[in-house]
Each structure stands twice: as structure tokens, then as C-alpha cells.
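Single-letter residue listing:
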Amino acid sequence: MNNVVGPRIKSYIKKQGISVSYLSDKTGISLQALRRILNGKSKLCAEVYFLLCQELDLPLDYFIDSGRGIE
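Rules and cut-offs
Residues numbered from 1 in each chain as written. Predicted model: local features only at pLDDT ≥ 70, side-chain atom pairs only at ≥ 80, totals over all residues. Heavy atoms only, no water. Helix = DSSP H or I, 4+ residues; strand = E, 2+ residues; numbered from the N terminus. Buried < 20%, exposed > 50% of the residue type's maximum accessible area, 1.4 Å probe, protein only. Contact = heavy atoms within 4.5 Å. Areas by Shrake-Rupley, 256 points an atom, 1.4 Å probe, with all protein chains shown as cover. Polar contact = N/O pair within 3.5 Å; in protein donor to acceptor, adjacent residues only side chain to side chain. Arc of directions from axis to C-beta. Core = buried A, V, L, I, M, F, W, Y, C linked by side-chain atoms within 4.5 Å. Axes fitted to C-alpha atoms, helices over the stretch in contact; angles between N-to-C directions. Parallel < 35°, antiparallel > 145°, perpendicular 65-115°, else oblique. Left-handed = near helix turned anticlockwise from the far one by under 90°. Nonpolar A, V, L, I, M, F, W, Y, C, P; charged D, E, K, R; others polar.

*Asks:* It is not clear to me how the overall build of the protein should be interpreted in this structure. Could you clarify?
*Replies:* When helices and strands are counted, the protein shows 4 helices and 0 strands. For the protein, the α and β elements follow one another from N to C terminus as α-α-α-α. Counting every position in the protein, which comprises 71 residues, the buried fraction comes to 32%. Sequence separation of at least 24 residues holds for 59% of the intrachain contacts in the protein that already meet a minimum separation of 6. Just so you have it, the protein exposes about 4,400 Å², and 48% of that area is on carbon and sulfur atoms.

*Asks:* How should I be thinking about the side chain of T27 in this particular structure?
*Replies:* Mapped onto the secondary structure, T27 falls in helix α2 (residues 20–27). A distance of 2.8 Å separates a polar atom in the side chain of T27 from the backbone oxygen of L23. Ignoring anything within four residues of it in the chain, the contact list for T27 reads L51, L52 and E55.

*Asks:* What exactly am I supposed to notice about helix α3 (residues 31–38) here?
*Replies:* Think of an α-helix as turning once every 3.6 residues; residues three or four places apart then point the same way. Of all the positions in α3, only A33, L34, I37 and L38 are classed as buried. For α3, the buried positions fall inside an angular range of 130° around the axis, keeping them on one side. Elements in contact with the buried residues of α3: α1 (5–16), α2 and α4 (46–56). Where α3 ends, the next residue or the one after it, G40, has phi of about 75°, a positive value.

*Asks:* Looking at this structure, I do not really get the nonpolar core. What am I missing?
*Replies:* Side chains that are nonpolar tend, in soluble globular proteins, to be buried together. One finds I9, L44, L52, L56 and F63 to be the most contacted residues of the largest nonpolar core, which totals 19 residues. Those elements giving two or more residues to this core turn out to be α1, α3 and α4. Here the element with the most residues in this core is α4; it accounts for 5 residues. Setting aside chain neighbours within four positions, we find I9 in contact with L38, L44, Y49, L52, L56 and F63.

*Asks:* So what exactly am I meant to see when it comes to the packing of α2 against α3 here?
*Replies:* Any two packed helices are characterised by how steeply their axes cross, that is the angle between the axes, and by the distance between the axes. Running from N to C, α2 and α3 point in directions that differ by 120°, and their axes come no closer than 9 Å. As summarised for this structure, α2 and α3 are arranged oblique, according to the angle between their axes. Considering the relative orientation of α2 and α3, their crossing is right-handed. Mapping the contact onto sequence places V20, S21, L23 and S24 in α2 and L31, L34, R35 and L38 in α3. Residue classes in the contact of α2 with α3 are distributed as 5 nonpolar, 2 polar and 1 charged.

Right, here's the structure in full:
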């Protein structure tokens, strides 16, 4: 997974009205690490990606499939 996925997730949570702090609390990912991921400064490992998709109730390929876009 490349560092484009983080900004896609950031855009999605912003549109959904979900704060980074809330997502950090719900996933157990530190706020600092989550901000680095969402800003594209750190790549996601599969485990973190799974946690984010699970918490956001999205399929694993949602942010990877470039044809879907963000609703």
C-alpha cells in the first residue's frame, strides 16, 4: 500500500465528520501515528489499514480501488 491511501482516508473521515482524535481512540492507533498516516508521511501496514477499515465499516479495497472515488 502506498502513501496515497492515508490522504484518501483523511478526506473520507473529514466528509463523514469523524475527527482524527475519535478515530485514534477507537482504533488504538496513537494520534501522532495516525496524523502521519493521514498526511501521507507514513505508510500503512496491513494491520493498521484493517483496523481503520473495520472502524469505518468499509471494505478493505475501498481506498485502494482508484475507480470508486470517495463519496
